[in-house]
Amino acid sequence: LGPYSAGSTPDYLTGEYPGDYGWDTAGLAADPVTFKAYREAEIVHARFAMLGTVGCLTPELLSKYAGVSFGEPVWFKAGAQIFSEGGLNYLGSDGLIHAQSILAVLGFQAVLMGGAEAYRATNTSSDISYPGGSFDPMGMADDPEQFAVLKVKEIKNGRLAMFSMLGYYVQAIATGQG
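Residues numbered from 1 in each chain as written. Predicted model: local features only at pLDDT ≥ 70, side-chain atom pairs only at ≥ 80, totals over all residues. Heavy atoms only, no water.

Draft legend 1. Just the overall build of the chain, in detail. In terms of helices and strands, the chain carries four helices and two strands. The C-alpha atoms of the chain give 20 Å as radius of gyration, which overshoots the globular expectation for 178 residues (16 Å, by more than 25%). Projecting the C-alpha coordinates of the chain onto the three principal axes gives extents of approximately 60 × 40 × 30 Å. With 178 residues in all, the chain has 24% of them scored as buried. (Helix = DSSP H or I, 4+ residues; strand = E, 2+ residues; numbered from the N terminus. Rg over C-alpha atoms; globule rule 2.2 N^0.38 Å. Buried < 20%, exposed > 50% of the residue type's maximum accessible area, 1.4 Å probe, protein only.)

Draft legend 2. The packing of helix 1 (residues 32-65) against helix 4 (residues 144-175), seen in detail. Remark: helix 1 packs on helix 4, axes separated minimally by 7 Å, with the N-to-C direction vectors making an angle of 55°. Put simply, helix 1 runs oblique to helix 4. In the packing of helix 1 onto helix 4, the handedness of the crossing is left-handed. Touching Arg-39, Glu-42, Ile-43, His-45, Ala-46, Arg-47, Ala-49, Met-50, Gly-52, Thr-53, Cys-56 and Leu-57 of helix 1 are Glu-154, Ile-155, Asn-157, Gly-158, Arg-159, Ala-161, Met-162, Ser-164, Met-165 and Tyr-168, all from helix 4. (Axes fitted to C-alpha atoms, helices over the stretch in contact; angles between N-to-C directions. Parallel < 35°, antiparallel > 145°, perpendicular 65-115°, else oblique. Left-handed = near helix turned anticlockwise from the far one by under 90°. Contact = heavy atoms within 4.5 Å.)

Draft legend 3. Main features of the nonpolar core. In this structure, Ala-49, Cys-56, Ala-161, Met-165 and Tyr-168 together form the largest nonpolar core, which totals five residues. With three residues, helix 4 is the largest single contributor of residues to this core. Setting aside residues no more than four positions away along its own chain, Met-165 makes contact with Ala-49, Gly-52, Thr-53 and Cys-56. (Core = buried A, V, L, I, M, F, W, Y, C linked by side-chain atoms within 4.5 Å.)

Draft legend 4. Local environment of the pattern of salt bridges. Under the counting rule described, the total for this entry stands at four salt bridges. In this structure, the salt-bridge partner of Arg-39 is Glu-42, at a minimum N-O distance of 3.2 Å. Placement of both Arg-39 and Glu-42 in helix 1 is noted, with a separation of three residues, approximately one turn of the helix. For the residue pair Arg-39 and Glu-42, the accessibility class agrees, reading buried in each case. (Salt bridge = Lys/Arg side-chain N within 4 Å of Asp/Glu carboxyl O.)

Draft legend 5. Highlighting the packing of aromatic side chains. This structure, assessed with the given rule, holds three aromatic pairs. With 4.8 Å between their ring centres and 80° between their planes, Tyr-17 and Phe-35 make a pair best called edge-to-face. Of the two residues, Tyr-17 is situated in the segment before helix 1 and Phe-35 in helix 1; the sequence distance between them amounts to 18 residues. Residue Tyr-17 is classed as buried on the basis of its relative accessible area of 19%. A network of ring pairs unites the aromatic residues Trp-75, Phe-76 and Tyr-169 as a single cluster. (Phe/Tyr/Trp six-rings, centres within 6.5 Å; stacked < 30°, edge-to-face > 60°.)

Draft legend 6. Broad picture of the side chain of Asp-20. Among the secondary structure elements, Asp-20 is positioned in the segment before helix 1. No salt bridge is formed by the buried Asp-20; its nearest oppositely charged neighbour, Arg-39, is found at 6.3 Å. Here the side chain of Asp-20 touches Gly-15 through a polar contact of 2.9 Å, landing on its backbone nitrogen. (Lys, Arg positive; Asp, Glu negative; His and termini not counted. Polar contact = N/O pair within 3.5 Å; in protein donor to acceptor, adjacent residues only side chain to side chain.)

Draft legend 7. Quick peek at a nonpolar patch on the surface. Nonpolar side chains collect at one region of the surface, where Phe-163, Leu-166, Tyr-169, Val-170 and Ile-173 lie side by side and expose about 580 Å² of accessible area between them. One can find Ile-173 in helix 4. Accessibility expressed as a relative area gives 74% for Ile-173, which makes it exposed. (Patch = residues over 30% accessible without salt bridge, like charges linked within 9 Å, V, L, I, M, F, W, Y side chains within 5 Å. Areas by Shrake-Rupley, 256 points an atom, 1.4 Å probe, with all protein chains shown as cover.)

Next comes the structure, spelled out in structure tokens:
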């Protein structure tokens, strides 16, 4: 961690999890069961944050530089279009998903996310956070050494994405712009 932290790594942080560098000032990882649950939650939140950063940037960049027309490209204003007269056309196209009911969208999302989470939680044949199988169609986890490297890259990029989403929220609140 640095020149002033030599010998100060807690005994319970063994480096078994990707991205574990021995830093736990609050003692959140002292209980192994709690630490495992926190790690699973961190991975799920990191994956959503990575998707969210792309989802926030893409419409604005496509609208500004590629001339693609969206009803509202700013990420924190886009969802309000569902309450407008014509509803919300995903990607600005009538031929794609045309949402007019927030309840239908929320219900559909609950079913999809609930199904995916139920599958993840009941999949006991592999690691709950890295299920493999149909979730790894390109076989990126076939080589254990490369898979370990990819796990560290995922958690590092996910942590960065969580902080970038925090920056997006603060920017939206402070400036009112995307």
